[in-house]
Amino acid sequence: AVPELRVTTSGAEGDYNRWRTEKGKGDPDQAILLITREVLDGLVREGWPVKPGDLGENLTVDGIAEAALKPGVCLRAGELLLEITKACDPCDRVYSLTYIGKARGPEFVRTLVGRRGWYAKVLQGGVVTTGAAITLER
């Protein structure tokens, strides 16, 4: 976690996403990855000790229901404006988490299906600080 995150149309400054950069050719529809606190809390209740940032997300959204997110939905955090573009599919990169590893990896990937987070494109860049209010925009 960082106290503030500067976001441009290319994504979060200082974040390098190898897949998006090399295979996705810098796809702006995948500039930011976000996940809801609701999903993380559910995983913890199921015995997976995930913390914000563990799954590679740039933003952890609190106070917005997972069910409210889908492609086309816009989120605002101060001057930052994002549009959800697509769901993120789980992959074996999560095996690198110390509490997962190769032995539990396949089970964790199956657990993440449908709740791995959301990609978003940046409609308007800006700075987001820890604890900033994030709201749905229509």
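Rules of the game
- Residues numbered from 1 in each chain as written.
- Predicted model: local features only at pLDDT ≥ 70, side-chain atom pairs only at ≥ 80, totals over all residues.
- Heavy atoms only, no water.
- Pairing = 2+ DSSP bridges.
- Helix = DSSP H or I, 4+ residues; strand = E, 2+ residues; numbered from the N terminus.
- Buried < 20%, exposed > 50% of the residue type's maximum accessible area, 1.4 Å probe, protein only.
- Arc of directions from axis to C-beta.
- Phe/Tyr/Trp six-rings, centres within 6.5 Å; stacked < 30°, edge-to-face > 60°.
- 1 Å grid on protein atoms, 1.4 Å probe; cavity = no way out; pocket = protein on both sides within 12 Å on 5 of 7 lines; lining within 4 Å.
- Points joined across faces, edges and corners; volume = space filled by probe spheres on them.
- Polar contact = N/O pair within 3.5 Å; in protein donor to acceptor, adjacent residues only side chain to side chain.

## Comments concerning the sheet that holds strand E2 (residues 11-12)
Right, so step 1: The sheet built from three strands is open, its strands ordered E2-E1-E8 with antiparallel pairing. Among the strands making up the open sheet, the edge pair consists of E2 and strand E8 (126-129).
Right, so step 2: By the bridge criterion, four bridges tie strand E1 (residues 4-8) to E8 in an arrangement that is antiparallel. Looking across to E8, one finds that Arg6 is bridged to Val127.

## Observations concerning helix H2 (residues 37-45)
Right, so step 1: Listed as buried for H2 are Val39, Leu40, Gly42 and Leu43. Viewed along the axis of H2, the buried residues span an arc of 160°, placing them on a single side of the element.

## Looking at the packing of aromatic side chains
The geometry of two aromatic rings is summed up by the distance between their centres and the angle between their planes.
Right, so step 1: Under the counting rule described, the total for this entry stands at one aromatic pair.
Right, so step 2: For the pair Trp48 and Phe108, a centre-to-centre distance of 4.7 Å together with 45° between the ring planes defines the contact as tilted. With Trp48 in the loop between H2 and strand E4 (59-61) and Phe108 in helix H3 (residues 101-112), this residue pair connects regions lying 60 residues apart in the sequence. Here the two residues Trp48 and Phe108 agree in accessibility, since each one is buried.

## Some thoughts on the layout of surface pockets
Right, so step 1: Considering only enclosed or pocket space, the second largest pocket measures out at about 590 Å³ in volume.
Right, so step 2: Forming the walls of the second largest pocket are 22 residues, and the residues nearest its centre are Ala1, Val2, Asn58, Leu59 and Thr60.
Right, so step 3: Within the residue set of the lining of the second largest pocket, elements represented by two or more residues are E1, E4 and E8.

## Some details on the environment of Glu38
Right, so step 1: Looking at the element boundaries, Glu38 is found in helix H2.
Right, so step 2: Judged by relative accessible area, which is 43%, Glu38 ranks as partly exposed.
Right, so step 3: Placed 23 residues apart in sequence, Glu38 and Val61 show a C-alpha to C-alpha distance of 8.4 Å.
Right, so step 4: One polar contact links the side chain of Glu38 to the main-chain amide nitrogen of Glu66, over a distance of 2.7 Å.

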